[in-house]
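A structural walkthrough
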Amino acid sequence: QVQLVESGGGLVQAGGSLRLSCAASGRTFSTYAVGWFRQAPGNAREFVAAVSYNGFSTYYAYSVKGRFTISRDNTKNTVYLQMNSLKPEDTAVYYCAVYAGPVSTMLRDYEYWGQGTQVTVSS
């Protein structure tokens, strides 16, 4: 029901910033919670940030709290992940996903996933 396309990834130096976008198609987008997850080589996919369907509630992994900000604009069917003070440890493929519930930090709750966008942070 929802198709997701991530964009905005790239190569940056440590301390730099990137803004990822997750563009969604589908009339039900505004009813979904949206999460960002990432997966580095050799690692399991991990939770990064999530925002509730109405944008009122946000959650962050401890490793990114204070550096990343998730937001959404339901009029544009888009969710953003602003990433500041990037570290080499942030290097990963970043995925956007949606959950048909208020909000969740659990990977298994998310039904639809984008293709991912690569973020590489050099030291």
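Residues numbered from 1 in each chain as written. Predicted model: local features only at pLDDT ≥ 70, side-chain atom pairs only at ≥ 80, totals over all residues. Heavy atoms only, no water.

1. Details of the environment of Asp 90
The line we're drawing: In DSSP terms, a helix is any run of H or I states spanning at least four residues, a strand is any run of E spanning at least two, and both are numbered starting from the N terminus. What makes two residues a contact is simply this: any of their non-hydrogen atoms within 4.5 Å. Throughout this description, a polar contact denotes any pair of N or O atoms lying within 3.5 Å of each other; where both atoms belong to protein, one of them has to be capable of donating a hydrogen while the other can accept it, and for residues adjacent in sequence the pair is counted only when both atoms sit in side chains.
Locating Asp 90 in the fold gives a position in the loop between strand E8 (78-83) and strand E9 (92-99). Separated by 31 residues in the primary sequence, Asp 90 and Val 121 have C-alpha atoms spaced 6.7 Å apart. For Asp 90, the contacting residues outside a window of four places in its chain are Arg 38, Val 64, Arg 67, Phe 68, Ser 85, Val 119 and Val 121. A polar side-chain atom of Asp 90 sits 2.9 Å from a polar atom in the side chain of Arg 38. Within the local environment of Asp 90, its side chain forms a polar contact with the backbone nitrogen of Lys 87, the two atoms lying 2.8 Å apart.

2. As for the pairing of E8
Regular strands show a simple pattern: their side chains alternate between the two faces of the sheet. To keep things clear, this is the line we draw: Note on classification: 1.4 Å probe, protein chains only; a residue is buried when its accessible area is under 20% of the maximum for its type, exposed when over 50%, partly exposed between these limits. Pairing between strands is defined by DSSP: at least two bridges between them are needed.
Judged by how many residues are buried, E8 sits mostly within the fold: five of six residues are covered. Inspection of the sheet shows strand E3 (residues 18-25) paired to E8 by six bridges, in the antiparallel sense. Note on E8: the bridge partner recorded for Ala 23 is Thr 78. Relative to E8, strand E7 (residues 68-73) is paired through six bridges, and the arrangement is antiparallel. For Ile 70, the partnering residue across the bridge sits in E8 and is Leu 81.

3. Some words on unusual backbone geometry
Look at Asn 77: it is not a glycine, yet its phi comes out positive at around 55 degrees. Despite not being glycine, Ser 85 shows a phi value in the positive range, around 50 degrees. Structurally, Ser 85 is set in the loop between E8 and E9.

4. Brief notes about the nonpolar core
In a soluble, globular protein the nonpolar side chains are often hidden away together inside. Basically, it comes down to this: As used here, the term nonpolar core means buried Ala, Val, Leu, Ile, Met, Phe, Trp, Tyr and Cys residues forming a set that is joined through side-chain atoms within 4.5 Å.
In this structure, Trp 36, Val 48, Phe 68, Val 79, Leu 81, Met 83 and Tyr 94 are the most contacted members of the largest nonpolar core, which totals 36 residues. For this core, the elements supplying multiple residues, two or more each, are E3, strand E4 (33-39), strand E5 (46-51), E7, E8, E9 and strand E11 (117-122).

5. Comments concerning the sheet that holds E7
To be explicit about the condition: Every axis in this analysis is a line fitted to C-alpha atoms, fitted for helices over the stretch in contact. Angles between the N-to-C directions lie between 0 and 180 degrees.
Pairing within the open sheet is antiparallel, and its four strands lie in the order E1-E3-E8-E7. Looking at which strands have only one partner, the edges of the open sheet turn out to be strand E1 (3-7) and E7. Along the sheet, successive strands turn relative to each other by an average axial angle of 15 degrees, direction set aside.

6. As for the pattern of salt bridges
Stated formally: Between Lys or Arg on one side and Asp or Glu on the other, a salt bridge is scored when a side-chain nitrogen of the former is within 4 Å of a carboxyl oxygen of the latter.
Counted according to the given criterion, the structure contains three salt bridges. We note a salt bridge from Arg 38 to Asp 90, for which the minimum N-O separation is 2.9 Å. Taken together, the residues span a long stretch of sequence, with Arg 38 in strand E4 and Asp 90 in the loop between E8 and E9 at a distance of 52 residues. Between Asp 90 and Arg 67 there is a salt bridge, with its nearest N and O atoms 2.7 Å apart. Residue Asp 90 is located in the loop between E8 and E9, and its partner Arg 67 is located in the loop between strand E6 (58-60) and E7; the two are separated by 23 residues in the primary sequence.

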